[in-house]
Amino acid sequence: MSQQERPTRLTRRQALAGLGAAAAVAAPRRVLAGPRAPMEEPDLRAVRVPPPVPATDPDSPVWARARPIEVAVIGQAMVLPWKMKPSVSALRARAVHDGRQIAFLLEWNDPRPETLSIKTDQFKDGCAVLLAPHPAPPLAWMMGTSEVAVTLVHWRADWQRDIDAGFQDLEVAFPNVAFDFYPPLVGVKHPPRLPAAYPPAARKWLPGWHVGNPLSQPARRSPVEKLRATGPGTVEQLPTQDALGRGRWRDGTWKVALARNLKAGGGTEVALAPGGTYAVAFAVWAGGERDVGARKSVTRMGRLRLQR
């Protein structure tokens, strides 16, 4: 569930072997809360609430209107790089909608928040919701198929830190970085702050930003992106980026709100409607365990029902 996944061709036999390996690592290490064992597959009901949904407020009292479910989390053993042992044992999920937007609240244990991804050995925390038509073929769980495109709503802790504290550039990871002379920035105070310090003529020297790579943008409106996929290694951003969200880490637990419009924004985005039933799965990235790209912890694919 990340742009960093690499394509891998799988035969049906390899896919089934991967599913069996994932099941083998499904035994939980610790339960998020409560004496009940987490359910094997999500069975989530999105309760209808008066507008607006708490799209950016993980602590809103509106969430109390939705019954939480606790879902077992397993390793990812279908696509390289594998993650045989999940970073968490379970996550808790709720969902609400107001007829226009749907919002999810995901909670999971994490002893330390990881919100930077500047150095090559830094990895951010994150989570995602996978949505597909229902009923979906079993292989749609593996990031969709050529016949069934899936929609992903992906929250990134590093993007949220960019929004909260300003773009996190090299000077954050390397506070003593040298800045001798750079022609496009003559006269600019060190360290140069993105994006204001870079005039339009100088931005072509930052090719990722210049060509619109979503991972290179110094100005962000939301820490949540909408993606599409039609199989492993096919993840790309959808043309309409209108998802919202916000995460809050406290006392060893992440609480993350993610929201998107029910109506599809374009491309092959999965449209939702009150009264409808859809396939759903969740994923968690633990930066402290070097999770990135396909190296993540996932739930099985289950069912999402929207109250009429």
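Above this text is the structure in question.
To keep things clear, this report deals only with the structure shown in the data block. (Residues numbered from 1 in each chain as written. Predicted model: local features only at pLDDT ≥ 70, side-chain atom pairs only at ≥ 80, totals over all residues. Heavy atoms only, no water.)

Considering a nonpolar patch on the surface
Selection rule: Every patch collects residues that have over 30% relative accessible area and no salt bridge, joining them within 9 Å if they carry like charges and within 5 Å if they are nonpolar side chains (Val, Leu, Ile, Met, Phe, Trp, Tyr). Note on areas: Shrake-Rupley with a 1.4 Å probe; residue coverage comes only from the protein chains shown. A side-chain nitrogen of Lys or Arg and a carboxyl oxygen of Asp or Glu constitute a salt bridge if their distance falls within 4 Å. Going along the chain from the N terminus, every DSSP run of H or I of four or more residues is numbered as a helix, and every run of E of two or more is numbered as a strand.
Residues Leu80, Trp82 and Met84 make up a contiguous nonpolar surface patch of roughly 310 Å² in combined accessible area. Checked against the element boundaries, Leu80 lands in the loop between β2 (69–72) and β3 (90–97).

Thoughts on the packing of aromatic side chains
Heads up, the rule is: Side-chain rings of Phe, Tyr and Trp (the six-membered ring for Trp) are treated as a pair once their centres are within 6.5 Å; stacked means planes under 30 degrees apart, edge-to-face means over 60, and tilted covers the remaining angles. When a residue's accessible area, from a 1.4 Å probe over protein chains only, is under 20% of the maximum for its type it is buried; when over 50% it is exposed; and in between it is partly exposed.
Considering all chains together, one arrives at 3 aromatic pairs under this definition. Between Tyr198 and Trp209 the ring centres are 6.3 Å apart and the planes differ by 70°, which places this aromatic pair in the edge-to-face class. Separated by 11 residues along the polypeptide, Tyr198 in the loop between α3 (170–173) and α4 (207–210) and Trp209 in helix α4 bring together distant segments of the chain. Across this residue pair, the class does not change: Tyr198 and Trp209 are buried.

Focus on helix α2 (residues 157–165)
The criterion, for reference: A contact between two residues is defined here by any heavy atoms of the two lying within 4.5 Å.
Among the residues of α2, those classed as buried are Ala157, Asp158, Trp159, Gln160 and Asp162. Those residues of α2 hidden inside the fold are in contact with β6 (150–156), β7 (224–229), β8 (236–237), β9 (244–250) and β10 (253–261). At the C-terminal side of α2, Gly166 shows a positive phi close to 90°.

A look at the pairing of β7
Note the following rule: Here, any two strands with at least 2 DSSP bridges between them count as paired.
The element β7 is largely enclosed, with a buried count of 6 among its 6 residues. What you see with β7 is no split at all: Val224, Lys226 and Arg228 on one side and Glu225, Leu227 and Ala229 on the other are buried throughout. Bridging between β6 and β7 involves 6 bridges; their strand directions are antiparallel. In the strand pairing of β7, Val150 is matched with Ala229. Bridging between β7 and β8 involves 2 bridges; their strand directions are antiparallel. Following the sheet pairing, Arg228 is matched in β8 by Glu236.

A word on the environment of Leu262
Structurally, Leu262 can be placed in the loop between β10 and β11 (277–285). Separated by 11 residues in the primary sequence, Leu262 and Ala273 place their C-alpha atoms 6.2 Å from one another. Setting aside chain neighbours within four positions, we find Leu262 in contact with His97, Gly99, Arg100, Gln101, Ile102, Ala271, Leu272, Pro274 and Leu306.

Fair warning: the whole summary comes from geometry, so function is off the table for now.
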